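# Report on the structure
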Amino acid sequence: MNKKRIFTKTDAVLEILGYLFHAAAFIVAAVACATVAEIPVRLDSADNVLEYGSPGILFILPATMIVCNIIFSLVIHFVDPRAWSLPFTPRPGREIAVYRDMVRLMTVLELVLGIFTFAYNFCLFRDIRRALMPLTILMVLAVFADIAVAIAVSARHNRKG
């Protein structure tokens, strides 16, 4: 399988942007460690601070999420697409289109995770507590939408031909 035919320039841009947002999240964590003594680390349902802690905790989310991005990247670049678990079997002659859709799914997820990680860290650092829940809900919806759209588009591409 020719990987160059399924990994487009748009996918490369999405993947790079995802990593840049993760880098920005690490920078926010480093700036927080250098400039503030503590940040809110536990909130109640009304966004009241229950506990403050070290800004070093801001490194946990980007470290975790970047591992997810690295796994996506490894799958995209090093695993034969025929070994991927798909919701259906690509029809003969439609494999490239279907695999391209799945690559787009993963690169969009990389970007969504990067944006979420940066935004969440920024909100914690700047003490914008009211944004944390809506931000989390938005991220979950974006992930579900990306998956649903990618599967629907891929199924349509699989039927064409």
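The rules behind these values
Residues numbered from 1 in each chain as written. Predicted model: local features only at pLDDT ≥ 70, side-chain atom pairs only at ≥ 80, totals over all residues. Heavy atoms only, no water. Helix = DSSP H or I, 4+ residues; strand = E, 2+ residues; numbered from the N terminus. Salt bridge = Lys/Arg side-chain N within 4 Å of Asp/Glu carboxyl O. Buried < 20%, exposed > 50% of the residue type's maximum accessible area, 1.4 Å probe, protein only. Pairing = 2+ DSSP bridges. Core = buried A, V, L, I, M, F, W, Y, C linked by side-chain atoms within 4.5 Å. Contact = heavy atoms within 4.5 Å.

## Considerations on the environment of Val-98
As for its position among the elements, Val-98 is in helix 4 (residues 95-125). Residues Val-98 and Ala-155, spaced 57 residues apart in sequence, show a C-alpha to C-alpha distance of 7.6 Å.

## Looking at the pattern of salt bridges
Applying the stated rule across the entire model yields 3 salt bridges. Of the charged contacts, one joins Arg-82 and Asp-80 as a salt bridge, the two residues approaching to 2.7 Å between their closest N and O atoms. When its relative accessible area of 55% is taken as the criterion, Arg-82 is described as exposed. With a relative accessible area of 32%, Asp-80 lands in the partly exposed category.

## Some points on the pairing of strand 2 (residues 49-53)
Pairing of strand 1 (residues 39-43) with strand 2, which is carried by 4 bridges, proceeds in the antiparallel orientation. Looking at strand 2, one finds that Leu-43 is bridged to Val-49. Between the antiparallel neighbours strand 1 and strand 2 lie 5 residues, among them Asp-47 with a positive phi of about 70°.

## Section: the nonpolar core
In this structure, Ile-6, Trp-84, Leu-86, Met-102, Val-103 and Met-139 are the most contacted members of the largest nonpolar core, which totals 22 residues. Among the elements that line this core, the one with the most residues is helix 4, at 12 residues. Met-139 has contacts with Val-112, Leu-113 and Phe-116, leaving out every residue within four places of it along the chain. Listed in part, the 9 residues of the second largest apolar core include Ala-29, Leu-58, Cys-123 and Leu-132.

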